[in-house]
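Chain by chain, the residues run as shown.
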2 protein chains.
Amino acid sequence: MKVNILKKNSVLNSIVNKFSDFLEKKECLDRNKIYNAIDDGKMVLLYNKNHGVDPILVGQPASIKINANIGTSPFINNIKLELDKIKVAHHYGAHTIMDLSTAGDLDNIRKIILENSPLPIGTVPIYSVAQRYIQKSDSPAKFSINELLEEIEKQAEQGVSFMTLHCGVSKRAVDLAEKENRVLGIVSRGGSILARWIRENKKENPLLVEYDKILKIAIKYNLTLSLGDGMRPGAGIDAGDSAQWEEVITLSELTLKAWEQGVQVMIEGPGHVPLNHIGEQIKVMKRLCHEAPLYVLGPLPTDIAPGYDHIAGAIGGAIAALNGADFLCYLTPAEHLTLPDVNDVREGVIASCIAAHSAEIALGRKIAVDRNINISRARRELNWDEIKKFALDKEMLCFRRKDFEEKEECAMCGDFCAVKMLR
Amino acid sequence: MKVNILKKNSVLNSIVNKFSDFLEKKECLDRNKIYNAIDDGKMVLLYNKNHGVDPILVGQPASIKINANIGTSPFINNIKLELDKIKVAHHYGAHTIMDLSTAGDLDNIRKIILENSPLPIGTVPIYSVAQRYIQKSDSPAKFSINELLEEIEKQAEQGVSFMTLHCGVSKRAVDLAEKENRVLGIVSRGGSILARWIRENKKENPLLVEYDKILKIAIKYNLTLSLGDGMRPGAGIDAGDSAQWEEVITLSELTLKAWEQGVQVMIEGPGHVPLNHIGEQIKVMKRLCHEAPLYVLGPLPTDIAPGYDHIAGAIGGAIAALNGADFLCYLTPAEHLTLPDVNDVREGVIASCIAAHSAEIALGRKIAVDRNINISRARRELNWDEIKKFALDKEMLCFRRKDFEEKEECAMCGDFCAVKMLR
């Protein structure tokens, strides 16, 4: 299928041309490969000229990317903390930041975040619209589609590069979730607001009804649509039910509609999914959505790890990336419990990097394989400076070795060092 | 193939009979299933009557077990710290402890550890023999096989339940490792000592030559042999080479020899292995070694994560367990860098529990599936006491929620709680 996104999207076309040297070098990919993948919709270029930071490529065969969620919450509202999180996320290797703020002056918070972030920013615009109602204890289902469209355009104008829009939370999907008697119903915040809107207004999801209007805004700003997984399973036992797949089928249709207009699209994926189902879910989603880039949250192969969901997420993320997921949304140790602090952000980004790097080695991607060999060569020489160079977290390595840094061996083995034993 | 271990091993037979009620209840498995699996060698019962703590079953279809390594090192030698690690490992869900001490009075340390551990103890007896030479800066290759056999018997007499013995580090395997030009040669401490012994003495591995004598000691104490993976890859790029498989073939032969004498055997597995090779390696090893229980270290799907190898290990461990591994040796954040502290032990055990639980859900094991559903039901009710009951780390959960414990929602979502949105 010829999609020809670049022919239809002149803003994107000029960005791709402008950054082709940069992207070629960054991804170690020939510019024609990049051009063709974007043109086919298999890769998206996250870039809003009103933000103006370096663009990021997401999709095959670019390297796997990592997103870090930040943002205020009703209980913890401190913009300084959020800016510190951006710094840490960037330092440890995140490629994008999503501002999921739900408390405070959201327009101003977003403005400050855009001013301070060296990475492209994503948002979930329905949060801002819902906040107006939730903060006066009113039903967020009272918002109108025009309010939401205005919010989307305002944020795009501000410089947001990609937005999660839960267009696939259809009336049918919500009905199916109810019929399936899910243990955990709808756990997506945006999805639950839209489900409530559908129920209270007895109408179809306005984001689905007015999808064409969203596309018109998107093309103007080269806004990438991240078609949200509002029906994602929130418990392993709910994974793979009819409500989940109904939404994916809708996203499949919406992908083609966006491509017809030259709009870039990513698909968001689950959620809580048992280990033996992750690979198949990813493959089915990629096929259903015409190989559009897949952006996953987790998946989490167990539900019993609050406090350590970055580890559970790394297991799921590695398997997802091996099977075709392109973009990993980090989970931090705070997931399911509280807002992450700066330390949680580091742990979350590193865990995602481990998942991504593990998958990239398995996929035979040269940059990843070379780095893996280089650190192992350095280990053979017990050359700690070189080990540091290729390790994910140099600071942690120095911290761990600080009492023994003059020693050649590590402090686990000492004289029993296997490497020295055979010299 | 009828193995009939229980007919040949009267010590084991009487232990199985004595503990059959306990084991049936603990594993939620019919006693005949347990009896048959042990009799066939597919399951081992870790128990030494001279230690006398509750026995642990390892192998299909028992639940996946977790081992925590502790022990002094030449740079950090503090028995009090090691006892604290045992407590923490036990509290967070480890099933066995391996004492890998290499510094101090090893006999006495082992005695204290056995006195204080509520879990079966494993050891690597070659460390004690090698220590005598290493601490006087002599070559550890000078030990005699009788010294090593005496050490094995002494430790079995002390109460050790299982021992790593690198019987498969044959001359041929060592030669192959050299020919393969491995990036990281031999990284197993026991394996490297034996390779040096073979090289310096120009003789075959004494543990292989005198294997029958080891079996005689093992049968006397119901000592389970954990046939070590001395040739395990220490770098992803070395995984799956001829040296590695040569050792597994030898272990396959040694498994049958042990079973002929009624001795229980586990097989140890890799190591550093790329994500796409873990499943196949585990399946090939299980088949080659006649479905004897498989005890894995990691596997680590990336080499660039020092400081976070518990996360890399959880990824590999989950996939290994899904494909048939029975026993996960934990990795802590200290791996490759230093001796773990108490906090590292907690992180390591929890990461292994996440891997094991993820695999057990995928394998449809009832206890794991039920726990997963129960925590999700508690989440639907926002019932934090119930969530705590089923979570891996109750203390962490309380700590994370302490500033907001009076709130019904978590501090990430607050009023935006998806669960409340649809009530």
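Computed from a prediction, not measured in an experiment: that's the story for all the values here.

### A look at the state of the cysteines
Residue and element names in this part refer to chain B.
Then step 1. Within the structure shown, the criterion is met by zero disulfides over all chains.
Then step 2. Of all cysteine sulfurs, the one in Cys289 lies closest to Cys167, which takes part in no disulfide; the gap is 12 Å.
Then step 3. The structure places no disulfide on Cys413, whose sulfur is separated from the nearest cysteine sulfur, that of Cys410, by 4.5 Å.
Then step 4. On the accessibility criterion, Cys413 (15% relative accessible area) is buried.

### Concerning the sheet that holds strand 5 (residues 121–123) of chain A
One key point about sheets: their strands pair by backbone hydrogen bonds, in either a parallel or an antiparallel sense.
Residues and elements named next belong to chain A.
Then step 1. Here we have eight strands rolled up into a closed barrel, ordered 3-4-5-6-7-8-9-10, and parallel in their pairing. Across the sheet, the axes of successive neighbouring strands diverge by a mean angle of 25°, strand direction being ignored.
Then step 2. The sheet contacts of helix 13 (residues 242–260) involve strand 7 (224–227) and strand 8 (265–269), and relative to strand 8 the element is tilted by about 165°.

### Thoughts on the interface of chain A and chain B
Then step 1. In this complex, chain A contributes 98 residues to the contact, which on the side of chain B involves 98 residues.
Then step 2. For the pairing of chain A and chain B, the buried interface totals around 8400 Å² over both sides, and the portion due to carbon and sulfur atoms is 70%.
Then step 3. Summed over the shared surface of chain A and chain B, the result is two salt bridges.
Then step 4. Taking the shortest distance from any N to any O, the salt bridge between Arg400 of chain A and Asp344 of chain B comes out at 2.5 Å.
Then step 5. When residues in the side of chain A that touches chain B are grouped by element, the largest group, twelve residues, is from helix 16 (residues 342–362) of chain A.
Then step 6. When grouped by side-chain class, the residues that make up the side of chain A that touches chain B number 59 nonpolar, 18 polar and 21 charged.

### Re helix 6 (residues 106–116) of chain B
Residue and element names in this part refer to chain B.
Then step 1. For helix 6, the complete set of buried residues consists of Leu106, Ile109, Arg110, Ile113 and Leu114. Taken end-on, helix 6 shows its buried residues confined to a sector of 135°, consistent with a single buried face.
Then step 2. Where helix 6 is buried, its residues meet strand 3 (65–70), helix 5 (79–92), strand 4 (96–99), strand 5 (121–123), helix 7 (126–134) and helix 8 (145–158).

### Some words on the side chain of His166 of chain A
Residue and element names in this part refer to chain A.
Then step 1. Here His166 lies in the loop between strand 6 (162–165) and helix 9 (171–179).
Then step 2. A polar side-chain atom of His166 sits 3.4 Å from a polar atom in the side chain of Ser188.
Then step 3. What His166 contacts, discounting residues up to four positions off in sequence, is Val124, Ser188, Gly190, Gly191, Leu194, Asn205, Leu207, Gly228, Asp229 and Gly230.

### Notes on the environment of Gly59 of chain B
Residue and element names in this part refer to chain B.
Then step 1. Residue position: Gly59 is located in strand 2 (residues 56–59).
Then step 2. Residue Gly59 is classed as buried on the basis of its relative accessible area of 1%.
Then step 3. Each residue touching Gly59, except ones within four places of it in the same chain, is listed here: Lys42, Met43, Pro293 and Asp326.

### A closer look at the side chain of Ser358 of chain A
Then step 1. With respect to the helices and strands, the residue Ser358 of chain A is situated in helix 16.
Then step 2. Residue Ser358 of chain A is classed as buried on the basis of its relative accessible area, which comes to 0%.
Then step 3. At 2.7 Å, the side chain of Ser358 of chain A forms a polar contact with the backbone oxygen of Ile354 of chain A.
Then step 4. Each residue touching Ser358 of chain A, except ones within four places of it in the same chain, is listed here: Leu275, Pro301, Thr302 and Ile315 of chain B.

### Digging into the domain arrangement of chain A
Residues and elements named next belong to chain A.
Then step 1. Partitioning chain A into structural domains gives domain 1 (5–364) and domain 2 (367–421).
Then step 2. Of note, the centres of domain 1 and domain 2, computed from C-alpha atoms alone, are 36 Å apart.
Then step 3. With 13 residues of domain 1 in contact, the opposing surface of domain 2 contributes nine residues.
Then step 4. Taken together, both faces of the contact between domain 1 and domain 2 bury some 830 Å²; the carbon and sulfur share is 68%.
Then step 5. Of all residues in domain 1, Tyr92, His357 and Ile361 give up the largest surface area on contact with domain 2, accounting jointly for 44% of the area buried on that side.
Then step 6. For the pair domain 1 and domain 2, the number of links is zero salt bridges.
Then step 7. Where domain 1 packs against domain 2, one counts two residue pairs in polar contact (both at pLDDT 80 or more).
Then step 8. Of all the secondary structure elements, the ones that give two or more residues to the side of domain 1 that touches domain 2 are helix 3 (20–27), helix 5 (79–92) and helix 16.
Then step 9. If one sorts the elements of the side of domain 1 that touches domain 2 by residue count, helix 16 sits on top with seven residues.
Then step 10. For the side of domain 1 that touches domain 2, the residue count by class is six nonpolar, three polar and four charged.

### Some words on helix 13 of chain A
Then step 1. Its 19 residues give helix 13 of chain A an end-to-end C-alpha distance of 28 Å, which sits within 8% of 27 Å, the value for a rise of 1.5 Å per residue.
Then step 2. Once helix 13 of chain A ends, the next one or two residues include Gly262 of chain A, with phi positive near 80°.

### Remarks on the pattern of salt bridges
All names here are of chain A.
Then step 1. Under the counting rule described, the total for this entry stands at 64 salt bridges over all chains.
Then step 2. Ionic pairing is found between Glu24 and Arg31, a salt bridge with its closest N-O pair at 3.0 Å.
Then step 3. On the basis of relative accessible area, Glu24 is assigned to the partly exposed category, the value being 25%.

### Remarks on the packing of aromatic side chains
Then step 1. One pass over the full model with this rule turns up 16 aromatic pairs over all chains.
Then step 2. Aromatic pair Phe19 of chain A and Phe22 of chain A: ring centres 6.2 Å apart, planes at 70°, arrangement edge-to-face.
Then step 3. Residue Phe19 of chain A is classed as buried on the basis of its relative accessible area of 12%.
Then step 4. For Phe22 of chain A, a relative accessible area of 27% puts it in the partly exposed group.
Then step 5. Taken together, Phe19, Phe22 and Tyr47 of chain A form an aromatic cluster joined through their ring pairs.
Then step 6. Positioned above the aromatic ring of Phe75 of chain B is the side chain of Lys407 of chain A, whose terminal nitrogen or guanidinium carbon lies 4.5 Å from the ring centre.

### Comments concerning the environment of Glu260 of chain B
Then step 1. Mapped onto the elements, Glu260 of chain B comes out in helix 13 (residues 242–260).
Then step 2. For the pair Glu260 of chain B and Leu382 of chain B, spaced 122 residues apart in sequence, the C-alpha separation works out to 56 Å.

### Brief notes about the sheet that holds strand 6 (residues 162–165) of chain B
Residues and elements named next belong to chain B.
Then step 1. In spatial order, the strands read 3-4-5-6-7-8-9-10; together these eight strands close into a barrel with parallel pairing. Strand after strand, the sheet turns through a mean of 25° between neighbouring axes, direction not considered.
Then step 2. For strand 3 and strand 4, the ladder comprises four bridges, and the chain directions are parallel. Among the inter-strand pairings, Ala68 is bridged to a residue of strand 4, identified as Ile97.
Then step 3. The strands touched by helix 12 (residues 211–221) are strand 6 and strand 7 (224–227); relative to strand 7, the strand with the most contacts, the crossing angle is about 140°.
Then step 4. Together, strand 3 and strand 10 (327–329) form the strand contacts of helix 16 (residues 342–362), whose direction differs from that of strand 3 by roughly 160°.

Quick notes on the rules
Residues numbered from 1 in each chain as written. Chains lettered and ligands numbered in written order. Predicted model: local features only at pLDDT ≥ 70, side-chain atom pairs only at ≥ 80, totals over all residues. Heavy atoms only, no water. Disulfide = S-S within 2.5 Å. Buried < 20%, exposed > 50% of the residue type's maximum accessible area, 1.4 Å probe, protein only. Pairing = 2+ DSSP bridges. Helix = DSSP H or I, 4+ residues; strand = E, 2+ residues; numbered from the N terminus. Axes fitted to C-alpha atoms, helices over the stretch in contact; angles between N-to-C directions. Contact = heavy atoms within 4.5 Å. Buried area = accessible area lost by both parts, 1.4 Å probe. Salt bridge = Lys/Arg side-chain N within 4 Å of Asp/Glu carboxyl O. Nonpolar A, V, L, I, M, F, W, Y, C, P; charged D, E, K, R; others polar. Arc of directions from axis to C-beta. Polar contact = N/O pair within 3.5 Å; in protein donor to acceptor, adjacent residues only side chain to side chain. Domains from an automatic or database assignment. Expected span 1.5 Å × (residues − 1). Phe/Tyr/Trp six-rings, centres within 6.5 Å; stacked < 30°, edge-to-face > 60°. Lys NZ or Arg CZ within 6 Å of the ring centre and 35° of its normal.

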